[in-house]
Amino acid sequence: MKLIRFGAAGQEKPGLQLENGKRIDVSAFGEDYNENFFGNSGVNRLREWLKDNLDSCPEVSERTRLGSPLVRPSKLICVGLNYAKHAAESGMETPKEPVLFFKATSAIVGPFDDVVIPKNSVKTDWEVELAVVIGKKASYVTKENALDHIAGYVLHNDYSEREFQIERGGQWVKGKSCDTFAPLGPFVATADEIKDPNNLQLWLKLNGALLQNSNTEDFVFDIQTVVSYISEFMTLLPGDVISTGTPAGVGMGLNPQRYLKPGDVVELGIEGLGVSKQTAKAYQ
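So, how was this worked out
- Residues numbered from 1 in each chain as written.
- Predicted model: local features only at pLDDT ≥ 70, side-chain atom pairs only at ≥ 80, totals over all residues.
- Heavy atoms only, no water.
- Helix = DSSP H or I, 4+ residues; strand = E, 2+ residues; numbered from the N terminus.
- Buried < 20%, exposed > 50% of the residue type's maximum accessible area, 1.4 Å probe, protein only.
- Polar contact = N/O pair within 3.5 Å; in protein donor to acceptor, adjacent residues only side chain to side chain.
- Contact = heavy atoms within 4.5 Å.
- Phe/Tyr/Trp six-rings, centres within 6.5 Å; stacked < 30°, edge-to-face > 60°.
- Pairing = 2+ DSSP bridges.
- Axes fitted to C-alpha atoms, helices over the stretch in contact; angles between N-to-C directions.
- Salt bridge = Lys/Arg side-chain N within 4 Å of Asp/Glu carboxyl O.

Chemist: Talk me through unusual backbone geometry; I want residue IDs and the actual numbers.
Modeler: For the bond from N255 to P256, the omega torsion is 0°, close enough to zero to count as cis. When you line up the elements, P256 lands in the loop between β17 (241–243) and β18 (265–270). A positive phi is found at S41, a non-glycine position, where the angle reads about 55°. Looking at the element boundaries, S41 is found in the loop between α1 (35–39) and α2 (42–53). Overall, S41 belongs to the partly exposed group, its relative accessible area being 44%. Backbone geometry at N120 places phi at a positive 70°, although glycine is not the residue there. Among the structural elements, N120 can be located in the loop between β8 (115–117) and β9 (124–125).

This is the structure we're talking about:
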């Protein structure tokens, strides 16, 4: 299934995108896509509910805004430098262990919402990433069992302000967490929809020019390794999101470097996970 949430910001309702592209409202199911939903077999229960209720679900207009396809999670954890070529363009060595950092969940927005260039920003950058949605509490899980803890996958643009992140000391989080810096969606594809998350094409365009074009088979650390590794240091709760890194082609790695300006349009997509699009706006 493809889980969506739709409606005005802060008033989103749960829905589904069907195989034919039609979007439907499933709020009559009585649950939103949150920790309780993912942690209590919500995907399977919703699938069973649809057998008797699909025909009565209202259609959602294509003009209706899409929000984040899941409720704000307890954690949004990111993996840095997880493609060797991106590590090289960043001037950093390929890591021997996954590089972890947090991104504030208040940065999460819908897939077609504007990205706001922060106040005093001079280096706002883009990063197409595959993100994992946890479906079952995970603590000290093995690589062999890691996929059993995944509910689904979602497209993420890990926007980053490089001056805040790298040049102003401290941890990366402050360059990663500005409002609008984590558009998710358009949908969460449940795990059964993605045969091999370690072999998916992903791409990003800036104003129509293809800048990132790669495959998750180039991961330094694959999905199973990442989930198992993170679970050594913290408990992953249902609905938590893990963003698995970006390939080469970010603005910081270009020669000359290029960063977002008001009016720039960023489009990105991942095989099986749809496409999102953001227009850059100046902070006001």
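Chemist: Residue-level account of the side chain of N157, with values.
Modeler: Tracing the chain through its elements places N157 in strand β11 (residues 150–157). With relative accessibility at 0%, the residue N157 sits in the buried group. Reaching out from N157, the side chain makes a polar contact with the backbone nitrogen of E127 at a distance of 3.0 Å. Once residues lying within four places of it in the same chain are set aside, the contact partners of N157 are W126, E127, V128, F181, A182, P183, L204, V266, L268 and Q278.

Chemist: Give a description of the packing of aromatic side chains that names residues and reports values.
Modeler: Scanning all chains against the criterion turns up 8 aromatic pairs. With centroids separated by 5.3 Å and ring planes inclined at 55°, the aromatic side chains of Y83 and F219 adopt a geometry described as tilted. Of this pair, Y83 sits in the loop between β5 (76–80) and α3 (84–89) while F219 is found in the loop between β16 (209–215) and α6 (223–230), placing the two residues 136 residues apart along the sequence. For Y83, a relative accessible area of 2% puts it in the buried group. On the basis of relative accessibility, which here comes to 10%, the residue F219 falls in the buried class.

Chemist: Please give an account of the pairing of strand β2 (residues 13–17) that cites residues and values.
Modeler: The element β2 is extensively covered by neighbouring structure, given that 4 of its 5 residues are classed as buried. Pairing geometry for strand β1 (residues 2–6) and β2, over 5 bridges, is antiparallel. Residue pairing in the sheet places F6 in a bridge with K13 of β2. Where β1 folds back on β2, the antiparallel hairpin that results is connected by 6 residues, among which G7 adopts a positive phi of roughly 120°. Pairing analysis gives 3 bridges linking β2 to strand β3 (residues 23–25), with the strands arranged antiparallel. In the sheet register, G15 faces β3, and the bridge partner there is D25. Following β2, the chain reverses through 5 residues before pairing antiparallel with β3; G21 in that reversal takes a positive phi of roughly 90°.

Chemist: Describe the sheet that holds strand β19 (residues 274–282), naming the residues involved and giving the relevant values.
Modeler: The strand order β8-β19-β18-β15-β16 describes an open sheet built from 5 strands, whose pairing is mixed. Among the strands making up the open sheet, the edge pair consists of β8 and β16. Neighbour-to-neighbour, the strand axes of this sheet turn through a mean angle of 20°, independent of strand direction. The sheet contact formed by β18 and β19 spans 6 bridges and is antiparallel. Across the sheet, the residue bridging to L268 is S276, located in β19.

Chemist: Explain the pattern of salt bridges to me, using residue names and the numbers behind them.
Modeler: Inspection of every chain in the model, using the stated rule, returns 16 salt bridges. For R162, the salt bridge is made with D125, and the minimal N-O distance between the two is 2.9 Å. Of this pair, R162 sits in helix α4 (residues 162–167) while D125 sits in strand β9; the two residues are 37 residues apart in sequence, bridging distant segments of the chain. D125 matches R162 in its accessibility class, with the two residues each being buried. Ionic pairing is found between E127 and R162, a salt bridge with its closest N-O pair at 2.6 Å. Highlighted residues: E127 in the loop between β9 and β10 (128–134) and R162 in helix α4, separated in sequence by 35 residues. Neither residue differs from the other here; E127 and R162 are each classed as buried.

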